[in-house]
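As a plain string of letters, each chain reads:
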Amino acid sequence: MSFLKEKLAEKIAQHRPRTTKLLKEFGNTKIDEVTISQAIGGMRGIKCLVTDISYLDPEEGIRFRGYTIPEVLEKLPKVPGAEMPYVEGQFYLLLTGEVPTEKEVKEVVEEFKKRRALPEYVKDTLRAMPRDTHPMTMFSAGILAMQRESKFAAYYNAGKFNKNTAWEPMYEDAMDLMAKLPSLGAYIYRMKYKGDTHIPSNPDLDLGGDFANMMGIDKPYDDVARLYFILHSDHESGNVSAHTAHLVASALSDAYYSYSAAMCGLAGPLHGLANQEVLKWIQETMEKLGGKVPTKEELKKFVEETLDSGQVIPGYGHAVLRKTDPRYTAQREFALKHLPDDPIFQVVSMLFEVVPPILSSLGKVKDPWPNVDAHSGCIQWHYGVVEYDFYTVLFGIGRALGVLSNLVWDRALGYAIERPKSVTTDMLEKMAGIK
Ligand code: HAX
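Residues numbered from 1 in each chain as written. Predicted model: local features only at pLDDT ≥ 70, side-chain atom pairs only at ≥ 80, totals over all residues. Heavy atoms only, no water.

**Brief notes about helix H15 (residues 296-308)**
In a regular helix each residue adds 1.5 Å, so 13 residues correspond to 18 Å; H15 covers 18 Å between its end C-alpha atoms and thus fits that length. In the core, the buried residues of H15 are packed alongside helix H14 (274-288) and helix H17 (343-361). Looking one or two residues beyond H15, the residue adopting positive phi is glycine 310, at roughly 90 degrees. (Helix = DSSP H or I, 4+ residues; strand = E, 2+ residues; numbered from the N terminus. Expected span 1.5 Å × (residues − 1). Contact = heavy atoms within 4.5 Å.)

**Brief notes about the pattern of salt bridges**
Counted by the stated rule, this structure contains 32 salt bridges. For lysine 7, the salt bridge goes to glutamate 98, with nearest N and O atoms at 3.2 Å. Here lysine 7, found in helix H1 (residues 3-26), pairs with glutamate 98, found in the loop between helix H4 (87-96) and helix H5 (102-115); they are 91 residues apart in sequence, far enough to count as distant. Under the relative-accessibility criterion, glutamate 98 is labelled partly exposed at 25%. Here arginine 226 and aspartate 222 are joined by a salt bridge, their closest N and O atoms 3.4 Å apart. In this pair, arginine 226 and aspartate 222 both sit in helix H11 (residues 221-231), four residues apart, roughly one turn of the helix. With respect to burial, arginine 226 and aspartate 222 carry one shared label: buried. Shared partners join several salt bridges into a network, and the residues in it are Lys5, Glu111, Lys114, Arg115, Lys151, Glu168, Glu172 and Asp176. (Salt bridge = Lys/Arg side-chain N within 4 Å of Asp/Glu carboxyl O. Buried < 20%, exposed > 50% of the residue type's maximum accessible area, 1.4 Å probe, protein only.)

**What to know about the UniProt feature "binding site: oxaloacetate 1" (unreviewed entry) in the protein chain**
The sites that carry the UniProt feature "binding site: oxaloacetate 1" (unreviewed entry) are, in the present numbering, His235, Arg327, Arg399 and Arg419. These annotated residues cover 185 residues of sequence, and their C-alpha atoms reach 32.4 Å apart at the extreme, placing them across more than a single site. With residues near it in sequence (within four places) discarded, arginine 399 still touches His232, Ser233, Asp234, His235, Asn239, Ser241, Tyr259, His271 and Arg327. Secondary-structure assignment places arginine 419 in the loop between helix H19 (391-412) and helix H20 (425-431). Judged by its relative accessible area of 68%, arginine 419 falls in the exposed class. (UniProt positions renumbered as here; feature names shortened; annotations may be inferred.)

This is how it looks when you write it as structure tokens:
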């Protein structure tokens, strides 16, 4: 058994009695009530999911296993010669709840290296798709194509399913899939945008470094990749992508089915596709001005025109957050250090000043502040990833760190198949006293 798996087995054994006690002795304790507006309005805020991997406070933002973003970036072991930590360290932290030592992180680096290779038939599947297929469609299809590799499905089909051991094959799937996602993403990128020329994986590099290598982009893009994957890794369980994966896996579908489905949700413009929409919106704005950086007044006009045409301002607002997203702030700090004069960064900074007062003035937007997607495209563009429809794939690689960790724990704690109850409009009218 690998070191990480042993560590996890220990953590699971410690955790299980807590869940069992809560269920057996306190199963009827109320944690929330549901209103009509929550039932119709996207279940906003209803407390009905359990995860220990991250927690999103509306005012403070995300904490990964109790650590804020600056703490994570400071505490996780750094790749030698790099500014950013190992992505593998973030996976270790999310999975076990402990900050790994240098030795522990290197074990995970080696585990992922062994599992990195993308099966040839996945490449064939991607190559059979028209080249103008959206990269997120390719990404989700590539993950689904790999489902035949699932160790969880093989275990289940062999009649071995047991609530005590089910996490083990799910762990193997999580490790295999996590290790392959950077290879899948880079393959799609080079096939679609770089004349179908590919760069082999470099066995000397960590996950972030190898991703930059396979993308064909020089330093410090390796650090951009590390930062990006860590920042996007988890945002508790209620967001569309994480919740989709949890829901699908609750039917005992394996990690490939579950994560492929999650990526279909991430591809929506109100969720992960917002990073592509931000860059598209900025480009269109600059194009109208002949390529020049707009003034604040011009930008204000474009924001108002966008709202008047019935569209949302991409990259702004959030279903839970009520302050500037710390994932935005972390990227802003990176940009201030590495690309302060970049024209798109100037527009992104100006939007930070212009958009919140306008959104606040509408009187209905609960969070007028920027979210993670308001910033991410600008850094990618600066380092040469100008094909903005690829940005959500980058989000999807990072998001797997948290979602796959959650799937392992879902099986470890024996979470049940999801099946909330629906009601009819007639019933709601009766409850409201209208009928
Ligand atoms: N621009 C214009 N209007 C906005 C807005 C924005 N950025 N954010 C919210 N609103 C509007 C909503 O559309 C809604 O209007 P209606 O009542 O007319 O339908 C009203 O304000 C209230 O919405 P809310 O309660 O503040 O926000 P929700 O929880 O319903 O939605 C969203 C949260 C993130 C979907 C929303 O803020 C939005 O559409 N933002 C732009 C898209 C975006 O950036 N998405 C990425 C979010 C982060 C993420 O998941 N990344 O993956």
